[in-house]
Amino acid sequence: WEVKGLTRVEGSSETRRIAGTLILAQEGDRYEATFDLETRMLAGGAPTDVDVIGVGAGRVEGETLRGTAHTQIVASAVPGVDSGFAFVPRVVSTRIVSNSLGRLRPDDSLEIEIESEAEPGQNYQPTRTRLTGVRVSQAAAVDSRLRD
């Protein structure tokens, strides 16, 4: 899935855009998820592009997905350079745990609400994220129509 949305920091007016890829694998009434998202957040007092990576698992209940994910924030050790750029040292920081509620919509898109907080011993202000997504094959078809 290609997903995008907005993260709101609890207790403040701070919001940030977030987007990336979510892979869901279902077996029976269970699912596993892996994701690689990008956002911009304050790190060391300066706005920094970061990757939000992680894995999750949960239950499928009809068109609803409920689960928990474990996430880490990854930033480049070189200011202004993407953390995914080859040979650039990366800094892996805060570990986060998230509870999510996803819904498959009738148009086959996906909507996810996520509540996140720091894992024990970590420092992270709780957030709420809302993502919407389309299957990659659908996103490619829309892209193709836009180019034609």
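Only a predicted model underlies this, so the values are computations on that prediction, with no experimental measurement involved.

## A closer look at the overall build of the protein chain
Now for step 1: Secondary structure assignment for the protein chain yields one helix and eight strands.
Now for step 2: Along the protein chain, from the amino end to the carboxyl end, the secondary structure elements read β-β-β-β-β-β-β-β-α.
Now for step 3: The 148 residues of the protein chain split such that 34% are buried.
Now for step 4: Partitioning the contacts of the protein chain with sequence separation of at least 6, the portion at a separation of at least 24 is 39%.
Now for step 5: Accessible surface computed for the protein chain: about 9,200 Å², of which carbon and sulfur atoms make up 52%.

## Details of the pattern of salt bridges
Now for step 1: In this structure the tally under the stated criterion is 12 salt bridges.
Now for step 2: Two residues, arginine 128 and glutamate 10, come together in a salt bridge whose shortest N-O distance is 2.8 Å. Linking arginine 128 in strand S8 (residues 127-134) with glutamate 10 in the loop between strand S1 (2-9) and strand S2 (15-27), this pair joins segments that are 118 residues apart in sequence.
Now for step 3: Using a relative accessible area of 25% as the deciding quantity, one classes glutamate 10 as partly exposed.
Now for step 4: For arginine 105, the salt bridge identified is with glutamate 111, shortest N-O distance 2.6 Å.

## Digging into the nonpolar core
Now for step 1: Core analysis: the biggest nonpolar cluster contains 16 residues, and Val3, Leu22, Phe35, Leu37, Leu110, Ile112 and Leu131 have the highest contact counts within it.
Now for step 2: At the level of secondary structure, the elements contributing two or more residues to this core comprise S2, strand S3 (30-43), strand S4 (46-61), strand S5 (64-76) and strand S7 (110-118).
Now for step 3: Residues contacting phenylalanine 35, with those up to four places away along its chain left out, are Thr21, Leu22, Val52, Ile53, Gly54, Val55, Ala69, His70 and Thr71.
Now for step 4: In terms of nonpolar packing, the next biggest core, distinct from the first, is built from seven residues, Val50, Ile73, Ala75 and Tyr124 among them.

Scoring rules and cut-offs
Per chain, the residues get numbers from 1 upward, laid out in the order the sequence is written. Confidence filtering applies because this is a predicted model: local features only for residues at pLDDT of at least 70, side-chain atom pairs given and counted only at 80 or more, and all residues used for totals across whole chains, interfaces and linings. Remark: hydrogens and water are excluded; side-chain values derive from all non-hydrogen atoms of the structure. The helix and strand labels rest on DSSP assignments: H or I over at least four residues marks a helix, E over at least two residues marks a strand, and numbering proceeds from the N terminus. The cut-offs for exposure are 20% and 50% of the maximum accessible area for each residue type, with area from a 1.4 Å probe on protein chains only; residues under the lower value are buried, those over the upper are exposed, and the others partly exposed. Working rule for contacts: check all heavy atoms of both residues, and any pair within 4.5 Å makes them a contact. Only the protein chains shown count as cover for residues, and all accessible areas are computed by the Shrake-Rupley method using a 1.4 Å probe. When a carboxyl oxygen of Asp or Glu lies within 4 Å of a side-chain nitrogen of Lys or Arg, that pair is called a salt bridge. Think of a nonpolar core as a cluster: buried Ala, Val, Leu, Ile, Met, Phe, Trp, Tyr and Cys residues, connected wherever their side-chain atoms sit within 4.5 Å.

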